[in-house]
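An overview of the molecular structure
What follows is the residue order along each chain.
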Amino acid sequence: MSIVTVQLGQCGNQIGFEVFDALLSDSHSSQGLCSKRENEAYQASCKERFFSEEENGVPIARAVLIDMEPKVINQTLSKAAQSGQWKYGQHACFCQKQGSGNNWAYGYSVHGPRHEESIMNLIRKEVEKCDSFSGFFIIMSMAGGTGSGIGAFVTQNLQDQYSNSLKMNQIIWPYGTGEVIVQNYNSILTLSHLYRSSDALLIHENDAVHKICAKLMNIKQISFSDINQVLAHQLGSVFQPTYSAESSFHYRRNPLEGFKDPALYTSWLKPVNAFNVWKTRRAFSKYEKSAVLVSNSQFLVKPLDMIVGKAWNMFASKAYIHQYTKFGIEEEDFLDSFTSLEQVVASYCNL
């Protein structure tokens, strides 16, 4: 089953590169506890899911790169080609010379409709290369204009055209003290639109990843490259080919038994339905043992409530609203976004 990755904006393209690099690096790592045959099956599964093969044997990422400025895409294409291990498709990118000015409305209402046909044709061609297509993995930030605005627009189009295929958006949550003054506006507009059009949002907070780099990895001068590599490692382990829980091997001491405690889950959801385990003998990357947890919980209620509150305070004073209304986003659109996200917060609080 193959996945087509859509990389949007500076953030999405830089993280996308690191994800593909981590996945290919993992497929070439030690086979760990698995047999040679199991390792070969693992490598084949990983490559088939995320790469296609060219005649000379160099894997080509199943990806479409989108940005409204050429610099980052050119750098990303160059880094992948220089690795000699894999590369992006020659005609799998779309870029322009004018950015989105950190304005969600400009990305969503101007760039999106203007370039819709070109972008969707690129995605369609990538999907047609898959023998067995399972869905989309969309990497984007929600603080700026291109990743957030065009990301929301493209996801909406994918829902319309590929309604039966999975659409998972990987969202980079902005720093609490970000550099973009309208990042809270961009964030609520992005989240409210994705809430309607995406099947799943996989969220990483910049502040949390920054703490990992500082406290667990002891990095003194933390760069975006450091942060992106941590994100790529986490995402790579999520997409690692695995067996089901009914596979033939077991841990001597199962560290996952604690997750079967009914107290961890809402009363209307049984633990057997709430917690699923997938295993593999194959070590991820260079680790002897590793585990990854993807959870749907109240963890993001506080940061979401905080972003909605900050955006509402700005909206109440009409701050920067004109930058959005001039591109067709009306005050009613903001109010709809506030209502939608406040309902999400309330639903999670009532679990």
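Below is a short write-up of the structure. Bear in mind that the values here come from a model prediction, so they are computed numbers and not experimental data.

1. Points about the environment of Pro241
For Pro241, the location among the structural elements is in the loop between α8 (224-238) and α9 (271-274). The buried category is assigned to Pro241, whose relative accessible area is 8%. Once the C-alpha coordinates of Pro241 and Phe284 are considered, the two residues, 43 residues apart in sequence, prove to be 9.7 Å apart. Once residues within four sequence positions are removed from consideration, Pro241 is found in contact with Tyr42, Ser45, Cys46, Arg49 and Thr280.

2. Some thoughts on the sheet that holds strand β2 (residues 51-53)
Strand order in the open sheet formed by 3 strands is β2-β3-β5, with mixed pairing between adjacent strands. For this open sheet the edge positions go to β2 and β5 (87-88), each flanked by a neighbour on one side alone. The pairing of β2 with strand β3 (residues 59-61) spans 3 bridges and is classified as antiparallel. Residue pairing in the sheet places Phe51 in a bridge with Ala61 of β3.

3. Considering the environment of Ala319
Looking at where Ala319 falls in the secondary structure, it is placed in the loop between α10 (301-316) and α11 (322-325). On a C-alpha basis, the gap between Ala319 and Val182 in space is 9.1 Å, while along the polypeptide they are 137 residues apart.

4. Some remarks on the packing of helix α6 (residues 183-197) against α10
Think of two packed helices as two axes; the pair is described by the angle between the axes and how far apart they sit. In the contact formed by α6 and α10, the axes pass within 9 Å of each other and the chain directions differ by 120°. When the axes of α6 and α10 are compared, the pair comes out oblique. Seen from above, α6 lies across α10 with left-handed handedness. Note on element contacts: α10 touches α6 through Leu304, Ile307, Val308, Lys310, Ala311, Met314 and Phe315, opposite Asn184, Tyr185, Ser187, Ile188 and Leu191. Of the residues in the contact of α6 with α10, the class split is 9 nonpolar, 2 polar and 1 charged.

5. Overview of helix α12 (residues 331-349)
With 19 residues, α12 ought to run about 27 Å at 1.5 Å a step, and its terminal C-alpha atoms sit 27 Å apart, in line with that. For α12, every residue scored as buried is listed here: Phe334, Ser337, Phe338, Ser340, Leu341, Val344 and Val345. Viewed end-on, α12 has its buried residues packed into an arc of 170°, placing them on one side of the element. Residues of α12 that are exposed and angled more than 90 degrees away from the buried face: Glu332 and Gln343. Packed against the buried residues of α12 are α6, α10 and α11.

6. Side note on the side chain of Asn169
Here Asn169 shows up in strand β8 (residues 166-173). Judged by relative accessible area, Asn169 falls into the buried class, the value being 0%. A distance of 3.0 Å separates the side chain of Asn169 from the side chain of Thr155, its partner in a polar contact. Within the structure, the side chain of Asn169 is placed 2.7 Å from the side chain of Ser198, a separation counted as a polar contact. Among residues more than four places away in sequence, those in contact with Asn169 are Ile138, Met140, Thr155, Leu194, Ser198, Ala200, Leu201 and Leu202.

7. A short note on the packing of aromatic side chains
Counted according to the given criterion, the structure contains 22 aromatic pairs. Between the aromatic rings of Phe20 and Tyr88, the centroid separation amounts to 6.0 Å while the plane-to-plane angle is 85°, which identifies the pairing as edge-to-face. One end of the pair, Phe20, is in helix α1 (residues 9-27); the other, Tyr88, is in strand β5, and 68 residues separate them in sequence. Using a relative accessible area of 5% as the deciding quantity, one classes Tyr88 as buried. Pairing Trp312 with Phe315 gives two aromatic rings, centres 5.6 Å apart and planes at 35°, and the pair type is tilted. With Trp312 and Phe315 both in helix α10 and 3 residues apart, this pair spans about one turn of that helix. An aromatic cluster of at least three residues, connected via ring pairs, comprises Phe17, Phe20, Phe50, Phe51, Trp86, Tyr88, Phe137 and Phe239.

8. Some thoughts on the layout of surface pockets
One number sums up the size of the second largest pocket: a volume of about 910 Å³. Taken together, 35 residues line the second largest pocket, and the ones lying closest to its centre are Gln10, Cys11, Asn102, Ser141 and Gly144. Looking at the lining of the second largest pocket, the elements with two or more residues in it are α1, α3 (70-83), α5 (146-161) and α8. If you tally residues by element for the lining of the second largest pocket, the top one is α1, at 5 residues. Residues that form the lining of the second largest pocket fall into these classes: 13 nonpolar, 18 polar and 4 charged.

The rules behind these values
Residues numbered from 1 in each chain as written. Predicted model: local features only at pLDDT ≥ 70, side-chain atom pairs only at ≥ 80, totals over all residues. Heavy atoms only, no water. Helix = DSSP H or I, 4+ residues; strand = E, 2+ residues; numbered from the N terminus. Buried < 20%, exposed > 50% of the residue type's maximum accessible area, 1.4 Å probe, protein only. Contact = heavy atoms within 4.5 Å. Pairing = 2+ DSSP bridges. Axes fitted to C-alpha atoms, helices over the stretch in contact; angles between N-to-C directions. Parallel < 35°, antiparallel > 145°, perpendicular 65-115°, else oblique. Left-handed = near helix turned anticlockwise from the far one by under 90°. Nonpolar A, V, L, I, M, F, W, Y, C, P; charged D, E, K, R; others polar. Expected span 1.5 Å × (residues − 1). Arc of directions from axis to C-beta. Polar contact = N/O pair within 3.5 Å; in protein donor to acceptor, adjacent residues only side chain to side chain. Phe/Tyr/Trp six-rings, centres within 6.5 Å; stacked < 30°, edge-to-face > 60°. 1 Å grid on protein atoms, 1.4 Å probe; cavity = no way out; pocket = protein on both sides within 12 Å on 5 of 7 lines; lining within 4 Å. Points joined across faces, edges and corners; volume = space filled by probe spheres on them.

Function-wise, these values are silent; they only describe arrangement.
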